[in-house]
2 protein chains.
Amino acid sequence: MYKVAEEKIILVTNDDGVTAPGIRALIEAVSPLGRVVVVAPDSPQSGQGHAITIGTPLRLEPVTIFEGIEAWQCSGTPVDCVKLARARILHRLPDICVSGINHGANHSINVIYSGTMSAAMEAAIEGVPSVGFSSLDYSYEQNFVLSKKVAFAVAKKMLETALPVGTLFNVNIPAATEEDFKGIRVARQADAKWVEAFDERRDPRGKKYYWLTGEFVNRDKGEDTDVWALANNYASLVPVQFDLTNHKLKKQIEAEWTF
Amino acid sequence: MYKVAEEKIILVTNDDGVTAPGIRALIEAVSPLGRVVVVAPDSPQSGQGHAITIGTPLRLEPVTIFEGIEAWQCSGTPVDCVKLARARILHRLPDICVSGINHGANHSINVIYSGTMSAAMEAAIEGVPSVGFSSLDYSYEQNFVLSKKVAFAVAKKMLETALPVGTLFNVNIPAATEEDFKGIRVARQADAKWVEAFDERRDPRGKKYYWLTGEFVNRDKGEDTDVWALANNYASLVPVQFDLTNHKLKKQIEAEWTF
């Protein structure tokens, strides 16, 4: 088993909540690599994006559900968990932050909506090499065997490599058997989106309400995208940045626009 | 007064909620440019990032607080508002989407946490040229005179110009007098972050809780950033993208990494 020279601190978080099978799988996957500390939401936070809690106070409680592992649950969002972990639990930066394993895909445009990826992005903003893992197998009964292998390999590589400040990866794992799995493929974010429909219903008092539903539309035919990789039984690894400046458009309008 | 040839539909939203003075100022600023339709949260949603509501249903109610303007309040996040506006109110895409005017800055890394910008980003993902406006004057008593001038100028320019698909701007307005104001400056996102502190308190039962607090740290000395522009009495206009792929790091690890 791989062992690092010095003990590294690995912060583990997620957005499905501390009791989700995916975070247990991730803890099992990365604990051979260093000292794991878990700080995760006390309830499911899917779709929270990069939300932070500013209008209400936060609670933080120790939990003992992972044998031999220091773990905390937090009443806030995934991003709150990462902020609290540094400031009130570790009192230092972890060596890496791993988030997930999410129950469901976070490829392409989903990186924007994903609490899993926002937690990892928050750590990356703080200067910690970070990664979010998501499995395309949505079922709570899945065994995570393939996902755990991918998570171990990526986390090990990240701990062994000198990475640029702000390094952040979005890793998705296909719903494939180990036999069919083709390996990890570096990819770019596919240009895809959701087209929403909204179910309209009426409550018992006759008042309308809406449920968000949607159809995923991939308009990107490139073979270098995360969507392509996953459809071809690869795990996709997309390096992600949080400088959102559109430098090309910036250059264009600097030259052309006056107000 | 400027008048477009065909009537354009301008979707107005925000994250401070439909009753915030900033959205009223924005409606006043852009209504000479087309038909305004307002869909905004029914309560403050600051710091919601790109959160969407998937675990609870959404409510949508007409409001009559803006004379002669079609307006709706929604129980969800700013992103939910944009999704519902297209799917259940307009039944088409608006010509532009304007979000704000936010009470408080959304420059630099704040673009990640901002509900104001996430609403605009959602519309941009749908293919609508979009912009978020934020004022560095935090007070609810401010008159928004300067912010309204900037919002009008930018929205007018966007309606007059053929823009690439996915165009999205983050516009911040300094807390300056009209005399001191130097104009609108195209900028890049400054490399800045928040360092959190978390106030620890005890509730009446003696249990700990935490309030998020933080200090803003700008580590970017460039004179082409939004933070620099604002400190020098310019409004900053940053073109923003939602392809988060770090193409430089992608190239590097494609060449160097094996798992």
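Bear in mind the structure is a predicted one, so any value in this text is a computation, not a measurement. (Residues numbered from 1 in each chain as written. Chains lettered and ligands numbered in written order. Predicted model: local features only at pLDDT ≥ 70, side-chain atom pairs only at ≥ 80, totals over all residues. Heavy atoms only, no water.)

**Describing the overall build of chain A**
Helices and strands together make up the secondary structure of chain A, namely seven helices and 13 strands. Relative to the globule expectation of 18 Å for 259 residues, the C-alpha radius of gyration of chain A, 19 Å, shows essentially globular dimensions. The dimensions of chain A, computed from C-alpha atoms along their principal axes, are 55 × 50 × 50 Å. With 259 residues in all, chain A has 59% of them scored as buried. Considering only residue pairs separated by 6 or more positions, chain A has 77% of its internal contacts joining residues 24 or more positions apart. With an accessible surface of roughly 10,500 Å², chain A has 49% of that area assigned to carbon and sulfur atoms. Considering chain A, the positive charge centre built from 27 side chains and the negative charge centre built from 32 side chains are found 3 Å apart. (Helix = DSSP H or I, 4+ residues; strand = E, 2+ residues; numbered from the N terminus. Rg over C-alpha atoms; globule rule 2.2 N^0.38 Å. Buried < 20%, exposed > 50% of the residue type's maximum accessible area, 1.4 Å probe, protein only. Contact = heavy atoms within 4.5 Å. Areas by Shrake-Rupley, 256 points an atom, 1.4 Å probe, with all protein chains shown as cover. Lys, Arg positive; Asp, Glu negative; His and termini not counted. Charge placed at Lys NZ, Arg CZ, Asp CG, Glu CD.)

**Overview of the nonpolar core**
In terms of nonpolar packing, the biggest core is built from 76 residues, with Val39, Ile112 and Met121 of chain A together with Val39, Ile112, Met121 and Val240 of chain B touching the most fellow members. With residues up to four places along the chain from it excluded, the contact list for Ile112 of chain B reads His50, Met121, Phe242 and Leu244 of chain A together with Gly49 of chain B. Ranked by size, the runner-up nonpolar core spans 41 residues in total, among them Met158, Leu163, Ile173 and Val186 of chain B. (Core = buried A, V, L, I, M, F, W, Y, C linked by side-chain atoms within 4.5 Å.)

**Things to note about the sheet that holds strand β2 (residues 35-41) of chain B**
If you walk across this open sheet you meet the nine strands as β3-β4-β2-β1-β5-β6-β7-β13-β8 (chain B), and the pairing is mixed. Where the open sheet ends on each side, the last strands, each with one partner, are β3 (60-63) and β8 (183-186) of chain B. Between one strand axis and the next, the sheet turns by 25° as a mean value, whatever way the strands run. Along the sheet, helix α7 (residues 247-256) of chain A makes contact with β7 (168-173), β8 and β13 (234-239) of chain B, crossing β13 of chain B at roughly 130°. Against the sheet, helix α2 (residues 78-90) of chain B makes contact with β1 (9-13), β2, β3 and β4 (70-74) of chain B, and its axis sits at roughly 135° relative to β2 of chain B, the strand it touches most. (Pairing = 2+ DSSP bridges. Axes fitted to C-alpha atoms, helices over the stretch in contact; angles between N-to-C directions.)

**Topic: the side chain of His103 of chain B**
Residues and elements named next belong to chain B. Mapped onto the secondary structure, His103 falls in strand β5 (residues 96-103). Residue His103 is classed as buried on the basis of its relative accessible area, which comes to 11%. Reaching out from His103, the side chain makes a polar contact with the backbone nitrogen of Gly22 at a distance of 3.0 Å. (Polar contact = N/O pair within 3.5 Å; in protein donor to acceptor, adjacent residues only side chain to side chain.)

**Re the environment of Leu159 of chain B**
Residues and elements named next belong to chain B. Mapped onto the fold, Leu159 is located in helix α5 (residues 145-160). The class for Leu159 is buried, based on a relative accessible area of 12%. Considered as a pair, Leu159 and Gly104 are 55 residues apart in the sequence and their alpha carbons are 26 Å apart.

**Considerations on the pattern of salt bridges**
Two side chains carrying opposite charge are able to pair once their charged atoms lie near each other. Overall, the coordinates contain 38 salt bridges over all chains when judged by the stated rule. Note that Lys149 of chain B and Glu178 of chain B form a salt bridge whose closest N and O atoms lie 2.5 Å from each other. Taken together, the residues span a long stretch of sequence, with Lys149 of chain B in helix α5 and Glu178 of chain B in the loop between β7 and β8 at a distance of 29 residues. For Arg188 of chain B, the salt bridge identified is with Asp224 of chain B, shortest N-O distance 3.1 Å. Of this pair, Arg188 of chain B sits in the loop between β8 and β9 (192-196) while Asp224 of chain B sits in the loop between β12 (214-218) and α6 (226-231), and the two are 36 residues apart along the sequence. What you see here is one network of salt bridges that share partners, running through Lys83, Arg86, Glu122 and Glu126 of chain A together with Glu196 of chain B. (Salt bridge = Lys/Arg side-chain N within 4 Å of Asp/Glu carboxyl O.)

**Considerations on the UniProt feature "binding site: a divalent metal cation" (unreviewed entry) in chain A**
Residue and element names in this part refer to chain A. The UniProt record marks Asp15, Asp16, Ser46 and Asn102 with the feature "binding site: a divalent metal cation" (unreviewed entry), using the residue numbering of this structure. With the annotated positions falling across 88 residues, the maximum pairwise C-alpha distance of 9.1 Å places them together in a single cluster. By secondary structure assignment, the location of Asp15 is in the loop between β1 (9-13) and α1 (21-30). Once you skip the residues sitting within four places of it in the chain, Asp15 turns out to touch Pro41, Ser43, Pro44, Gln45, Ser46, Gly47, Pro78, Asn102, Gly115 and Thr116. Tracing the backbone through its elements, the reader meets Asn102 in strand β5 (residues 96-103). You can call Asn102 buried: its relative accessible area is 6%. In this structure Asn102 touches Asp15, Asp16, Thr116, Phe133, Ser134 and Ser135, once residues within four positions along its chain are discounted. (UniProt positions renumbered as here; feature names shortened; annotations may be inferred.)

**Topic: the packing of helix α2 (residues 78-90) of chain A against helix α4 (residues 115-125) of chain A**
Residues and elements named next belong to chain A. At a minimum axis separation of 8 Å, α2 and α4 run at an interaxial angle of 30°. Relative to α4, the element α2 lies roughly parallel. Crossing geometry of α2 relative to α4 is assigned as right-handed. Side by side, α2 and α4 meet where Pro78, Val79, Val82 and Lys83 of the first sit next to Gly115, Ser118, Ala119, Glu122 and Ala123 of the second. Residues that form the contact of α2 with α4 fall into these classes: five nonpolar, two polar and two charged. (Parallel < 35°, antiparallel > 145°, perpendicular 65-115°, else oblique. Left-handed = near helix turned anticlockwise from the far one by under 90°. Nonpolar A, V, L, I, M, F, W, Y, C, P; charged D, E, K, R; others polar.)

**Some words on the interface of chain A and chain B**
Facing the 79 residues of chain A at the interface are 79 residues of chain B. In total, about 7,200 Å² of surface goes out of reach between chain A and chain B, with carbon and sulfur atoms giving 64% of it. Summed over the three residues of chain A that lose the most area to chain B, namely Leu244, Trp257 and Phe259 of chain A, the buried surface amounts to 10% of that side. Summed over the shared surface of chain A and chain B, the result is ten salt bridges. In this structure, the salt-bridge partner of Glu196 of chain B is Lys83 of chain A, at a minimum N-O distance of 2.3 Å. In this structure, the connection of chain A to chain B is made through 34 residue pairs in polar contact (both at pLDDT 80 or more). By residue number, the principal contributor to the side of chain A that touches chain B is α2 of chain A, which donates seven residues. Taken together, the residues of the side of chain A that touches chain B break down into 41 nonpolar, 16 polar and 22 charged. (Buried area = accessible area lost by both parts, 1.4 Å probe.)

**Brief notes about the side chain of Asp220 of chain A**
Residue and element names in this part refer to chain A. Structurally, Asp220 is set in the loop between β12 (214-218) and α6 (226-231). When its relative accessible area of 11% is taken as the criterion, Asp220 is described as buried. A distance of 2.9 Å separates a polar side-chain atom of Asp220 from the backbone nitrogen of Asp191. Of the polar contacts made by the side chain of Asp220, one reaches the backbone nitrogen of Gly222; its length is 3.0 Å.

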